Amino acid sequence: MTTGDCPACGLSNAAGANFCSSCGSDLRHEEVTTETPAVVVDPADLGGIDRSAFGPHEGLFVVVQGSKSGARYALDQDVTTVGRHPKSDIFLDDITVSRRHAEVRRDGARYWVSDVGSLNGTYVNRDRTERVELVDGDEMRIGKFKLVFVHGTGEV
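Residues numbered from 1 in each chain as written. Predicted model: local features only at pLDDT ≥ 70, side-chain atom pairs only at ≥ 80, totals over all residues. Heavy atoms only, no water.

1. A short note on the sheet that holds strand S6 (residues 110–115)
Across a sheet, strands are paired by hydrogen bonds formed along the backbone, either parallel or antiparallel in direction. Sheet architecture is open: 5 strands sit in the order S4-S3-S5-S6-S9, paired in mixed fashion. The sheet terminates laterally at strand S4 (90–91) and strand S9 (131–134), the two strands that pair on one side only. Looking at chain direction, strand S5 (residues 102–107) and S6 are connected through 6 bridges and run antiparallel. Counterpart to Ala 102 in the pairing with S6 is Asp 115. (Pairing = 2+ DSSP bridges. Helix = DSSP H or I, 4+ residues; strand = E, 2+ residues; numbered from the N terminus.)

Dropping the structure here:
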């Protein structure tokens, strides 16, 4: 892209910029699509996820509130970063989210979420937390986003 105009927010960026200085969108590609919520996910419907597709040691987040409602993120690394930084594994683009907000660590079949110094905090089941183990069905809130943790077959 040569103009530096952001296709997501319209801000005129410096020529040659790789990312928008306002929203963090990638400016390096000619065709950039914006994300729009295509589906509203009811947390009660999470039981409908086919858990046979992954084992008891595999986890994922389903976004149930926020601009990425319906998105699913596999927790397939030992450490998964969450934040507003464009290089975060789970990129949550909203000013209520810190650039480096939280991280999820996998330890065998167990998952732990830790706040990494965010301004607004990380909440699990409505409790602000610094570090807590996730169990199937836990609700993690980061800024305006609500993500529900799904843990394989639910058996550990």
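2. Notes on the nonpolar core
Counting 19 residues, the largest nonpolar core has Phe 61, Leu 92 and Leu 134 as the members making the most contacts within it. Elements with a contribution of two residues or more to this core: strand S1 (59–65), strand S2 (72–75), S5, S6, strand S10 (139–142) and strand S11 (145–151). The leading source of residues in this core is S11, at 3 residues. Not counting the four nearest positions on each side in its chain, Phe 61 is found in contact with Ala 71, Arg 72, Tyr 73, Leu 75, Ile 90, Val 104, Leu 134, Met 140, Leu 147, Val 148 and Phe 149. Among the nonpolar cores identified, the runner-up in size contains 5 residues, and Leu 60, Val 64, Val 148 and Val 150 belong to it. (Core = buried A, V, L, I, M, F, W, Y, C linked by side-chain atoms within 4.5 Å. Buried < 20%, exposed > 50% of the residue type's maximum accessible area, 1.4 Å probe, protein only. Contact = heavy atoms within 4.5 Å.)

3. Let's talk about the side chain of Ser 88
Note on placement: Ser 88 falls in the loop between strand S3 (79–83) and S4. Once residues lying within four places of it in the same chain are set aside, the contact partners of Ser 88 are Thr 81, Val 82, Gly 83 and Arg 99.

4. Looking at the sheet that holds strand S7 (residues 122–124)
Taken in spatial order, the 6 strands make up an open sheet running S2-S1-S11-S10-S7-S8, and their pairing is antiparallel. The open sheet has two edge strands, S2 and strand S8 (127–129), and neither has a second partner. Each neighbouring strand pair of the sheet contributes to a mean axis angle of 30 degrees, computed without reference to strand direction. Pairing analysis gives 4 bridges linking S10 to S11, with the strands arranged antiparallel. Bridging across to S11, Glu 139 finds its partner in Val 148. (Axes fitted to C-alpha atoms, helices over the stretch in contact; angles between N-to-C directions.)

In short, geometric facts, not functional conclusions.
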